[in-house]
Amino acid sequence: EAGVTQFPSHSVIEKGQTVTLRCDPISGHDNLYWYRRVMGKEIKFLLHFVKESKQDESGMPNNRFLAERTGGTYSTLKVQPAELEDSGVYFCASSLYGNEQFFGPGTRLTVL
Amino acid sequence: GDSVTQMEGPVTLSEEAFLTINCTYTATGYPSLFWYVQYPGEGLQLLLKATKADDKGSNKGFEATYRKETTSFHLEKGSVQVSDSAVYFCALSTGGGADGLTFGKGTHLIIQP
């Protein structure tokens, strides 16, 4: 069974540009989560989808971040426009019944 | 708000040494507690968990006991191996794991042969 996959693995963009991160959860997992780790700090929760609905988006830092989950399958996280402080590693996780979360390898975003 | 504090590394040990990574938490109610491990180039993997006070989670020789009185969930292993080198994250959930997890900063463990 394939695990959670994320694309791209690395992204380097300039301040003001737009970047879209993608997450493919484990097939059949209704719960999908986004997290972010800024260098030297904790992994922070961003938001939680149940199927295509946003269950909790309390961790989204501001309106430059937009998350979608088309048809309850894969999810995208768009940052527009990107700022320097958005640099970090973005993790996606999925779970079946909301007990154990399975994490992807992360996307490392660098904003110059 | 909820928070997790864990010792920051790197922690460097020799093979077969005893390992303790401290973790304490602050949370409302009775959270579930987790240890995740991230090996180089991989995603976080659940190592063990405990859902109520005095529960002991264990896996791959690692153990951690949910101590409500000290709000702690310290990770221990009696004899570490080079393959245990990784980053270890302590985390909590107030929704049984279904909500967003609250993580500590992570502890980088390096085991030398």
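Keep in mind the model is a prediction, meaning the values are calculated, not measured. (Residues numbered from 1 in each chain as written. Chains lettered and ligands numbered in written order. Predicted model: local features only at pLDDT ≥ 70, side-chain atom pairs only at ≥ 80, totals over all residues. Heavy atoms only, no water.)

Caption draft 1: Representation of the state of the cysteines within the structure. Under the criterion given, the structure shown has two disulfides over all chains. One disulfide bridge connects cysteine 23 of chain A with cysteine 92 of chain A, the sulfur atoms lying 1.8 Å from each other. Taking the sign of the S-S torsion, -65° for the link of cysteine 23 of chain A and cysteine 92 of chain A, the bridge is left-handed. In this pair, cysteine 23 of chain A sits in strand β3 (residues 19-24) while cysteine 92 of chain A sits in strand β9 (residues 88-95), placing the two residues 69 residues apart along the sequence. A sulfur-sulfur distance of 1.9 Å marks the disulfide that ties cysteine 23 of chain B to cysteine 90 of chain B. Across the S-S bond of cysteine 23 of chain B and cysteine 90 of chain B the torsion is about -70°, and the bridge reads as left-handed. Of this pair, cysteine 23 of chain B sits in strand β4 (residues 23-26) while cysteine 90 of chain B sits in strand β10 (residues 86-93); the two residues are 67 residues apart in sequence, bridging distant segments of the chain. The same class applies to cysteine 23 of chain B as to cysteine 90 of chain B, namely buried. (Disulfide = S-S within 2.5 Å. Helix = DSSP H or I, 4+ residues; strand = E, 2+ residues; numbered from the N terminus. Buried < 20%, exposed > 50% of the residue type's maximum accessible area, 1.4 Å probe, protein only.)

Caption draft 2: Structural view of the pairing of strand β7 (residues 65-68) of chain A. Residue and element names in this part refer to chain A. Alternating positions in β7 separate cleanly, Phe65 and Ala67 being buried on one face and Leu66 and Glu68 remaining unburied on the opposite face. As judged from the four bridges shared by β7 and strand β8 (residues 75-79), these two strands associate in the antiparallel manner. Bridging across to β8, leucine 66 finds its partner in lysine 78. If you look at the hairpin formed by β7 and β8, you'll find six residues sitting between the two strands, and glycine 71 has a positive phi there, around 60°. (Pairing = 2+ DSSP bridges.)

Caption draft 3: Structural view of the packing of aromatic side chains. Counted by the stated rule, this structure contains 11 aromatic pairs over all chains. With centroids separated by 5.7 Å and ring planes inclined at 85°, the aromatic side chains of tyrosine 35 of chain A and phenylalanine 103 of chain B adopt a geometry described as edge-to-face. Here the residue tyrosine 35 of chain A occupies a position in strand β4 (residues 31-37), and phenylalanine 103 of chain B occupies one in strand β11 (residues 102-103), the pair thus bridging two chains. Residue classification places tyrosine 35 of chain A among the buried positions, given a relative accessible area of 0%. The interplanar angle of 40° and the centroid separation of 6.3 Å between the aromatic rings of phenylalanine 34 of chain B and tyrosine 36 of chain B together place this pair among those described as tilted. In this structure, phenylalanine 34 of chain B and tyrosine 36 of chain B share a single accessibility class: buried. Aromatic rings pair up to connect Tyr33, Tyr35, Phe45 and Phe103 of chain A together with Phe34, Tyr36, Phe89 and Phe103 of chain B into one cluster. Here the basic side chain of arginine 22 of chain A rests over the ring of tyrosine 74 of chain A, its NZ or CZ set 3.8 Å away from the ring centre. (Phe/Tyr/Trp six-rings, centres within 6.5 Å; stacked < 30°, edge-to-face > 60°. Lys NZ or Arg CZ within 6 Å of the ring centre and 35° of its normal.)

Caption draft 4: Examining the nonpolar core more closely. The biggest cluster of nonpolar side chains holds 26 residues, and the ones touching the most others in it are Trp35, Leu47, Leu48, Phe73, Leu75 and Tyr88 of chain B. Of all the elements in the fold, those that place two or more residues in this core are β2 (11-14), β3 (19-21), β4, β5 (32-38), β6 (44-50), β8 (62-65), β10 and β12 (107-112) of chain B. Residue contributions to this core peak at four residues, all from β10 of chain B. Beyond its immediate stretch of four places on either side in the chain, phenylalanine 73 of chain B contacts Cys23, Leu33, Phe34, Trp35, Leu48, Lys49, Ala50, Ala64, Thr65, Tyr66 and Cys90 of chain B. Of all hydrophobic cores here, the second largest spans 21 residues; its members include Trp34, Leu47, Leu77 and Leu109 of chain A. (Core = buried A, V, L, I, M, F, W, Y, C linked by side-chain atoms within 4.5 Å. Contact = heavy atoms within 4.5 Å.)

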